[in-house]
Amino acid sequence: MKIIAITTFLLAASLAYAGAPEGKALFASKCQACHGAKGEGKASIAKMFSVTMHPLGSKEIQTKPDADLKKTVTEGHGKMKPVSGLDDKQVADVIAFVRTLKE
Ligand code: HEC
């Protein structure tokens, strides 16, 4: 019983901090297949698209404003297609998570 209470508390606490934890789950389902768990970029995907994928935590990406990163997700960027199925809040959450990847 105690364990359940603690787990519930931790879950509630993490939900209260929305942003990054939710973004992490979204990232795992929507971005990780191509960008890797830490945003490092999958070599096989980079090869398939014949592009250089900058690690999402790198300076090249982190210096871009949120608006640009959101646009990448919603409208695509270069060889990356827009990511569908995310509402405004989810896009913001996923970007908040991308910010936590900063090297
Ligand atoms: C199907 C594979 C794929 C998925 C899924 C994907 N990406 Fe990408 N992403 C790419 C590729 C390939 C590039 C490099 C595009 C280029 O440079 O032409 C890229 C580039 C980017 C960039 C850098 C854009 C820039 O300004 O240089 C960001 C930021 C990014 N992706 C974020 C995301 C996020 C966040 C998600 C999930 C919501 C996501 N991507 C999902 C393949 C993917």
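See the structure printed just above.
Here the residue index of a chain counts from 1 through its sequence in written order. For this predicted model, a pLDDT threshold of at least 70 governs which residues receive local features, and a threshold of 80 or more governs which side-chain atom pairs are given and counted, while totals over whole chains, interfaces and linings are taken from all residues. Hydrogens and water are ignored here; the side-chain numbers use all heavy atoms of the structure.

Caption draft 1: View of the nonpolar core. Among buried residues, the Ala, Val, Leu, Ile, Met, Phe, Trp, Tyr and Cys ones that are joined through side-chain atoms within 4.5 Å form a nonpolar core. Burial here depends on accessible area, computed with a 1.4 Å probe over protein chains only, as a share of the maximum for the residue type. Under 20% is buried, over 50% is exposed, and the range in between is partly exposed. Ranked by internal contacts, the top residues of the largest apolar core, which has 14 residues, are Phe-27, Leu-56, Val-94 and Ile-95. Here a helix means four or more residues in a row that DSSP labels H or I, a strand means two or more in a row labelled E, and each is numbered from the N terminus. Breaking this core down by element, the ones donating at least two residues are helix 2 (19–30), helix 6 (66–75) and helix 7 (88–100). A total of five residues in this core trace back to one element, the largest contributor, which is helix 7. Residue contacts are defined here by distance: any two heavy atoms, one from each residue, within 4.5 Å place the two residues in contact. Excluding anything up to four places from it in sequence, Val-94 contacts Gly-23, Leu-26, Phe-27 and Cys-31.

Caption draft 2: Layout of the site of the ligand. The ligand sits among 18 residues. The nearest are Cys-31, Cys-34, His-35, Lys-79 and Met-80. The contact in question runs from a nitrogen atom of the ligand to an N or O atom on the side chain of His-35, over 2.8 Å. Pairing of N or O atoms within 3.5 Å defines a polar contact, subject to two protein rules: one partner must be a possible hydrogen donor and the other a possible acceptor, and residues neighboring in sequence count only if both atoms are side-chain atoms. At 3.1 Å, a side-chain N or O of Lys-64 approaches an oxygen atom of the ligand. No other element matches the three residues that helix 6 contributes to the shell around the ligand. Nearness here has a simple test: a residue counts as near a molecule or strand if at least one of its heavy atoms is within 4 Å of that partner.

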